[in-house]
Amino acid sequence: MLKTGFHSIEEFLHANQGLSGAKIFYSKPGPRVKKILAMAKEAGVESIQVENKKLDEMVAPLAEELRDHRGIVLETGGQEQKKSAQVDFDEWLKLNAEGNRTVVVLDKITDPHNVGAILRSCDQFGASLVIMPEHNSANDVAQNEVIARTSAGASAWVPFCIVNNLVRAVQQLKEAGFWVYGADAGGTNCGKIDFPQKTVLIMGSEGNGISKLLEEQCDSIVSIPTCGKIDSLNVSVAAGVLLYELYRRQN
């Protein structure tokens, strides 16, 4: 498996100290590449200098979003033991029922770029868990690489789980004392809501918004006051704004 992108490679090396079988291929050793080469040396990963054309050939089979190698490519070995932030939902709920907790539910968000950007905001603003559905979601192997790169490595650190039934998961959170807020235009101004310590934030798909069954589970619909001419914010931007608001209130 190949990895591109400075953040993605750095987080892989950081999470896989002493990994055998992996190799770094690079062309021109600029400042950022030199930093990665130093990390690779510390992790026991071999680094090989090649022509830029060789890197182009290596990344050619990858998805278009991953072909911008920036002069460095990591080839993982057959013994890859990748750090994963994935957790079991039921187990997480048992261990995290108390204290300040922000859970983000992604309802049918299929664009891996949006998922990656949301995970990055979750990392920066201290979200406790991200929940995604097993189906109709950006969570397959090919998309995971795009998510990792877009999230700038946050996907390796932000706890997430994949569940069969989002509605049931939200119901379990409510039973555990969480209050549930759905993000949608026309809701209550987020600046006027006194968010509790245990909050669930549901982000719906840009095309269809939050599904009807999930909306019925919401204690309130929350919106971001804006002044633009277009209908709404991109879902990842909206998630970032709301997560900052929650972080600001809780801290």
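Residues numbered from 1 in each chain as written. Predicted model: local features only at pLDDT ≥ 70, side-chain atom pairs only at ≥ 80, totals over all residues. Heavy atoms only, no water.

Another aspect to go through is the side chain of Thr4. For Thr4, the location among the structural elements is in the loop between β1 (2-3) and α1 (6-15). Residues in contact with Thr4, not counting those within four places in the same chain, are Ile9, Val59, Leu62, Leu66, Asp68, His69, Val73 and Arg149. (Helix = DSSP H or I, 4+ residues; strand = E, 2+ residues; numbered from the N terminus. Contact = heavy atoms within 4.5 Å.)

This part is about the pattern of salt bridges. For the structure on display, the rule yields 5 salt bridges. In this structure, Glu10 and Lys35 form a salt bridge, with 4.0 Å as the shortest nitrogen-oxygen distance. With a gap of 25 residues between them, Glu10 in helix α1 and Lys35 in helix α2 (residues 31-43) connect regions that are remote in the sequence. On the accessibility criterion, Lys35 (47% relative accessible area) is partly exposed. The salt bridge involving Arg248 is made with Glu245; its shortest N-O contact spans 2.8 Å. A residue pair is termed a helical-turn pair when its members lie 3 or 4 positions apart in one helix, as Arg248 and Glu245 do in helix α9 (residues 235-250) at 3 residues. (Salt bridge = Lys/Arg side-chain N within 4 Å of Asp/Glu carboxyl O. Buried < 20%, exposed > 50% of the residue type's maximum accessible area, 1.4 Å probe, protein only.)

On to the nonpolar core. Counting residues in hydrophobic clusters, the biggest one holds 29 residues, and the most contacted among them are Val104, Leu106, Cys122, Val130, Met203 and Val222. Secondary-structure elements contributing two or more residues to this core are β5 (101-107), α5 (112-124), β6 (129-133), β8 (179-189), β9 (198-204) and α9. Broken down by element, this core gets its largest block of residues, 6 residues, from α9. Those residues in contact with Cys122, other than ones at most four positions away along the chain, are Val104, Ala127, Val130, Val158 and Leu243. With 21 residues, the next largest nonpolar core counts Val103, Leu129, Val163 and Ile202 among its residues. (Core = buried A, V, L, I, M, F, W, Y, C linked by side-chain atoms within 4.5 Å.)

A few words on the packing of aromatic side chains. Inspection of the entire model under this criterion finds 3 aromatic pairs. Arranged with centres 6.0 Å apart and planes meeting at 45 degrees, the rings of Phe125 and Tyr247 form a pair that is tilted. Here Tyr247 lies in helix α9 and Phe125 lies in the loop between α5 and β6, a separation of 122 residues in the sequence. Here Tyr181 and Phe195 contribute two aromatic rings whose centre-to-centre distance is 5.0 Å and whose plane-to-plane angle is 70 degrees, an arrangement assigned as edge-to-face. With a gap of 14 residues between them, Tyr181 in strand β8 and Phe195 in the loop between β8 and β9 connect regions that are remote in the sequence. Assigned by exposure class, Tyr181 and Phe195 land together as buried. One aromatic cluster is present, built from ring pairs that chain together Phe125, Tyr244 and Tyr247. (Phe/Tyr/Trp six-rings, centres within 6.5 Å; stacked < 30°, edge-to-face > 60°.)

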